[in-house]
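Chain residues, written in single-letter form:
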Amino acid sequence: MKKVLIHITLKEGVLDPQGKAVQHSLETLGYDTVKEVRVGKYMELVVEDDASIEQQVETMCEKLLANPVIENYSYTVEEVVPL
Amino acid sequence: MKFAVIVFPGSNCDRDMYHAVTNALEEEAELVWYQGANLANYDAILLPGGFSYGDYLRSGAIASTSDIVTQVKEQAALGKPILGVCNGFQILLESGLLPGAMLQNKKLKFMCHQEGLRVVNNTTMFTSNYVQDAIVSIPIAHQEGNYYCDEATLASLQANNQIVFTYQTNPNGSVADIAGIVNEAGNVLGMMPHPERASEAILGSADGLKLFQSILENWRKVYVAGA
């Protein structure tokens, strides 16, 4: 088994009002050194071993997990460590 | 004319849509559960508003993978009128039937009020009963209605006259004040405002009724002899 860690973020140039609100909130707490916040999504998938796992994950991201019109994705594949 | 109103788990404007067709337009409609339906049996397909699948992942994303959306694509390819309102519009975007995507409203708020819309294209099968550039009053009710597309897509929407409704005063940050667009073929309309909630004067506005009347009249021209 493999664990796939997927990060989905809004594309550069796409407004992120939520990120802006979080940035303002940080500012209120005194963190005025923070110049930008972008909010994204993180997902973990446990997937059966397969030679084409990376290709599969990319198709999943294109088809469903991310919306390529507004979002970028990146991922890493790890071994699932048995307990 | 027989309309299908698709019902997903979490749809909540399905009955409003049904009411607009059966009581205001006085045509036939059926509430069609998203599983086990055959859309070939209907003349037009309506995707109502709501929160299909609880808006999980992205609004409309989960619904867009369902078998019924594959059927909607097939019927769209045949030229049948397909109307997606609010969450229905989001499903049309997520399924690729219309270009672009929805972002959260600029002010991050759920907004529910009457909006002034401009009919910027009255040559579609959905808007032929409106006067070109007419201002109509139709309510919005959404938190993710901030229409986004890149510049190339916007240019092609404009070049093909695919922008149908724009906001008089942009409430949500949409690119080019877009409130509703059609596909290139002109038979798939997606819009955030709710024409079904403006189909009778008692609701505050009957401006949305003309949209349903346009669909009906254009259908009759093709399918009813002598109409």
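Bear in mind the structure is a predicted one, so any value in this text is a computation, not a measurement. Numbering of residues starts from 1 in each chain and follows the order in which that chain's sequence is written. Labels follow written order: the first chain is A, the first ligand is 1, and so on. A pLDDT threshold of at least 70 governs which residues receive local features in this predicted model, and a stricter bar of 80 or more applies before side-chain atom pairs are shown or counted, although totals over entire chains, interfaces and linings include all residues. Each side-chain value is worked out from all heavy atoms of the structure, with water and hydrogens disregarded.

1. Side note on the overall build of chain B
Numbering of helices and strands runs from the N terminus, with a helix taken as a DSSP run of H or I at least four residues long and a strand as a DSSP run of E at least two residues long. Helix and strand content of chain B: five helices and 11 strands. The C-alpha radius of gyration computed for chain B amounts to 16 Å, which stays within 12% of the reference 17 Å derived for 227 residues, consistent with globular compactness. Looking at the 227 residues of chain B, the share that counts as buried comes to 56%. The Shrake-Rupley method, run with a 1.4 Å probe, gives the accessible areas here. Residue values count only the displayed protein chains as cover. About 9100 Å² of surface is accessible on chain B, with carbon and sulfur atoms providing 48% of the total. A gap of 3 Å separates the mean positions of the 13 positive and 22 negative side-chain charges of chain B. Restricting the calculation to C-alpha atoms gives the radius of gyration, and the globule rule supplies 2.2 Å times the number of residues raised to the power 0.38. Here's how the labels work: a residue is buried when its accessible area is under 20% of the maximum for its type, exposed when over 50%, partly exposed in between, all with a 1.4 Å probe on protein chains only. In this tally Asp and Glu are treated as negative and Lys and Arg as positive; neither His nor the chain ends contributes. Here the site of a charge means atom NZ of a Lys, CZ of an Arg, CG of an Asp or CD of a Glu.

2. Things to note about the pattern of salt bridges
Any carboxyl oxygen of Asp or Glu within 4 Å of a side-chain nitrogen of Lys or Arg constitutes a salt bridge here. Throughout the structure, instances matching the rule amount to eight salt bridges over all chains. One salt bridge in this structure joins A:Lys3 and A:Glu44, with 3.6 Å as the shortest N-O distance. Of this pair, A:Lys3 sits in strand 1 (residues 2–10) while A:Glu44 sits in strand 2 (residues 41–47), and the two are 41 residues apart along the sequence. On the basis of relative accessibility, which here comes to 27%, the residue A:Lys3 falls in the partly exposed class. The exposure class assigned to A:Glu44 is partly exposed, which follows from its relative accessible area of 47%. Between B:Glu30 and B:Lys2 there is a salt bridge; the shortest N-O distance is 3.5 Å. Of this pair, B:Glu30 sits in strand 2 (residues 28–33) while B:Lys2 sits in strand 1 (residues 2–7); the two residues are 28 residues apart in sequence, bridging distant segments of the chain. Classification of B:Lys2 by relative accessible area gives partly exposed; the value is 22%. Within the structure, one salt-bridge network assembled from shared partners comprises A:Lys41, A:Glu71, B:Arg58 and B:Glu94.

3. A few points about the interface of chain A and chain B
Across the contact, 15 residues belong to chain A and 14 residues belong to chain B. Summed over both partners, the accessible surface that disappears when two parts come together, traced with a 1.4 Å probe, is what is meant by buried area. Carbon and sulfur atoms make up 69% of the surface buried where chain A meets chain B, a total of about 1200 Å² over both sides. For the pair chain A and chain B, the number of links is one salt bridge. By the criterion applied in these results, polar contacts are pairs of N or O atoms within 3.5 Å in which, for protein atoms, one can donate a hydrogen and the other can accept it, and in which residues neighboring in sequence qualify only through two side-chain atoms. Linking chain A to chain B there are four residue pairs in polar contact (both at pLDDT 80 or more). Pairs of residues are marked as contacts when any of their non-hydrogen atoms sit within 4.5 Å.

4. Comments concerning helix 1 (residues 14–24) of chain B
Residue and element names in this part refer to chain B. Those residues of helix 1 not exposed but buried are Asp-14, Met-17, Ala-20, Val-21 and Ala-24. Along helix 1, the residues classed as buried sweep out an arc of 160 degrees about the axis, all on the same side. Where the residues of helix 1 are buried, they touch strand 1, strand 2, strand 3 (44–47), strand 4 (82–85) and helix 5 (209–223). Downstream of helix 1 by a residue or two, Glu-26 has a phi angle that is positive, lying close to 60 degrees. By arc we mean the arc of the directions from the helix axis to the C-beta atoms, nothing more.

5. Some remarks on the packing of aromatic side chains
Residues and elements named next belong to chain B. A pair of aromatic rings is counted whenever rings of Phe, Tyr or Trp (Trp by its six-membered ring) have centres within 6.5 Å, and the orientation is called stacked for planes under 30 degrees apart, edge-to-face for over 60 and tilted otherwise. Following the criterion strictly, the structure yields seven aromatic pairs over all chains and no others. Taking the centre distance of 6.4 Å and the plane angle of 55 degrees together, the rings of Phe-8 and Tyr-53 count as tilted. Here Tyr-53 lies in the loop between strand 3 and helix 2 (67–77) and Phe-8 lies in the loop between strand 1 and helix 1, a separation of 45 residues in the sequence. The exposure class assigned to Phe-8 is buried, which follows from its relative accessible area of 3%. Accessibility expressed as a relative area gives 21% for Tyr-53, which makes it partly exposed. Members of the aromatic cluster, connected to one another through ring pairs, are Phe-8, Trp-33, Tyr-34 and Tyr-53.

6. Let's talk about the pairing of strand 9 (residues 163–167) of chain B
Residue and element names in this part refer to chain B. Counting buried positions along strand 9 yields five of five residues, so the element is predominantly enclosed. Note that strand 6 (residues 111–119) and strand 9 share three bridges and pair antiparallel. Each bridged residue has a counterpart across the sheet, and for Arg-118 the counterpart in strand 9 is Thr-166. In this sheet, strand 10 (residues 178–182) lies alongside strand 9 in antiparallel orientation, the contact comprising three bridges. Counterpart to Ile-163 in the pairing with strand 10 is Ile-181. At least two DSSP bridges between two strands are required for those strands to pair.

7. A word on the UniProt feature "active site" (unreviewed entry) in chain B
Residue and element names in this part refer to chain B. UniProt tags Cys-86, His-194 and Glu-196 as "active site" (unreviewed entry). For the residues just named, distributed over 111 residues, the greatest C-alpha separation is only 11.0 Å, placing them together at one site. Among the secondary structure elements, His-194 is positioned in the loop between strand 11 (188–191) and helix 5. Here Glu-196 shows up in the loop between strand 11 and helix 5. Excluding anything up to four places from it in sequence, Glu-196 contacts Cys-13, Asp-16, Met-17, Ala-20, Val-85, Leu-203 and Phe-212. In terms of polar contacts, Glu-196 uses its side chain to reach the side chain of His-194, at 2.7 Å. UniProt positions are given in the numbering used here, feature names are shortened, and annotations may be inferred rather than shown by experiment.

8. Describing the layout of surface pockets
Put simply, the largest pocket is a space of about 450 Å³. Residue lining of the largest pocket: 25 residues in total, with A:Lys41, A:Glu71, B:Arg58, B:Gln104 and B:Glu144 positioned closest to the centre. Counting residues per element, the ones that place at least two in the lining of the largest pocket are strand 1 and helix 1 (17–28) of chain A together with helix 3 (87–94) and strand 5 (101–103) of chain B. Lys, Arg, Asp and Glu make up the charged group, whereas Ala, Val, Leu, Ile, Met, Phe, Trp, Tyr, Cys and Pro make up the nonpolar group; the residues left over, Gly among them, are polar. Across the lining of the largest pocket, the residue classes break down as 11 nonpolar, seven polar and seven charged. With a 1 Å grid laid over protein atoms only, a set of points is called a cavity when a 1.4 Å probe fits there but cannot get out and a pocket when it is open yet has protein on both sides within 12 Å along at least five of seven lines; lining residues have an atom within 4 Å of a point. Grid points are joined across faces, edges and corners, and a volume is the space filled by probe spheres set on the points.

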